[in-house]
Amino acid sequence: MLQIVLWALGTGFVTGAVWFAIAFVRGHDTVASRPPVLPASHPTDANRLEDVNRRLLELEERVDANEYLFKRDKVEQPRRPPS
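This one's a predicted model, so the numbers in the text were calculated from it and none came from an experiment.

Criteria and thresholds
Residues numbered from 1 in each chain as written. Predicted model: local features only at pLDDT ≥ 70, side-chain atom pairs only at ≥ 80, totals over all residues. Heavy atoms only, no water. Helix = DSSP H or I, 4+ residues; strand = E, 2+ residues; numbered from the N terminus. Buried < 20%, exposed > 50% of the residue type's maximum accessible area, 1.4 Å probe, protein only. Areas by Shrake-Rupley, 256 points an atom, 1.4 Å probe, with all protein chains shown as cover. Patch = residues over 30% accessible without salt bridge, like charges linked within 9 Å, V, L, I, M, F, W, Y side chains within 5 Å. Salt bridge = Lys/Arg side-chain N within 4 Å of Asp/Glu carboxyl O.

A separate point is the overall build of the protein chain. In terms of regular secondary structure, the protein chain is built from 2 helices and 0 strands. With 83 residues in all, the protein chain has 0% of them scored as buried. If you sum the accessible surface of the protein chain, you get close to 8,500 Å²; carbon and sulfur atoms cover 65% of it.

Here is the structure:
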């Protein structure tokens, strides 16, 4: 009988501690609860990102064009049987 009482008290203590910790953490202002603050260099970072995006699009177009040319050349020049 004593074991059941000790188990119940221990379980209640652990549960209460967890609930207290949850309530304590929610009540405090944390870094995650504040909105993010952009650095002063944000406009230049945005410009850099746009530049990188533009360059990436150009590279993708070049790759597509090269793939097209490679496939076209491959179709136009069938393999000859070995002599």
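Following the structure, the description resumes.
Before going further, it helps to examine a nonpolar patch on the surface. A cluster of nonpolar side chains, contributed by Met1, Leu2, Val5, Leu6 and Leu9, occupies part of the molecular surface with about 590 Å² of accessible area. Tracing the chain through its elements places leucine 6 in helix α1 (residues 2-27).

Time to look at the pattern of salt bridges. Following the criterion strictly, the structure yields 2 salt bridges and no others. Glutamate 58 serves as the salt-bridge partner of arginine 54, at 3.1 Å between the closest nitrogen and oxygen. With arginine 54 and glutamate 58 both in helix α2 (residues 42-76) and 4 residues apart, the pair spans about one turn of that helix. Take arginine 54: its relative accessible area is 43%, and that puts it in the partly exposed class.

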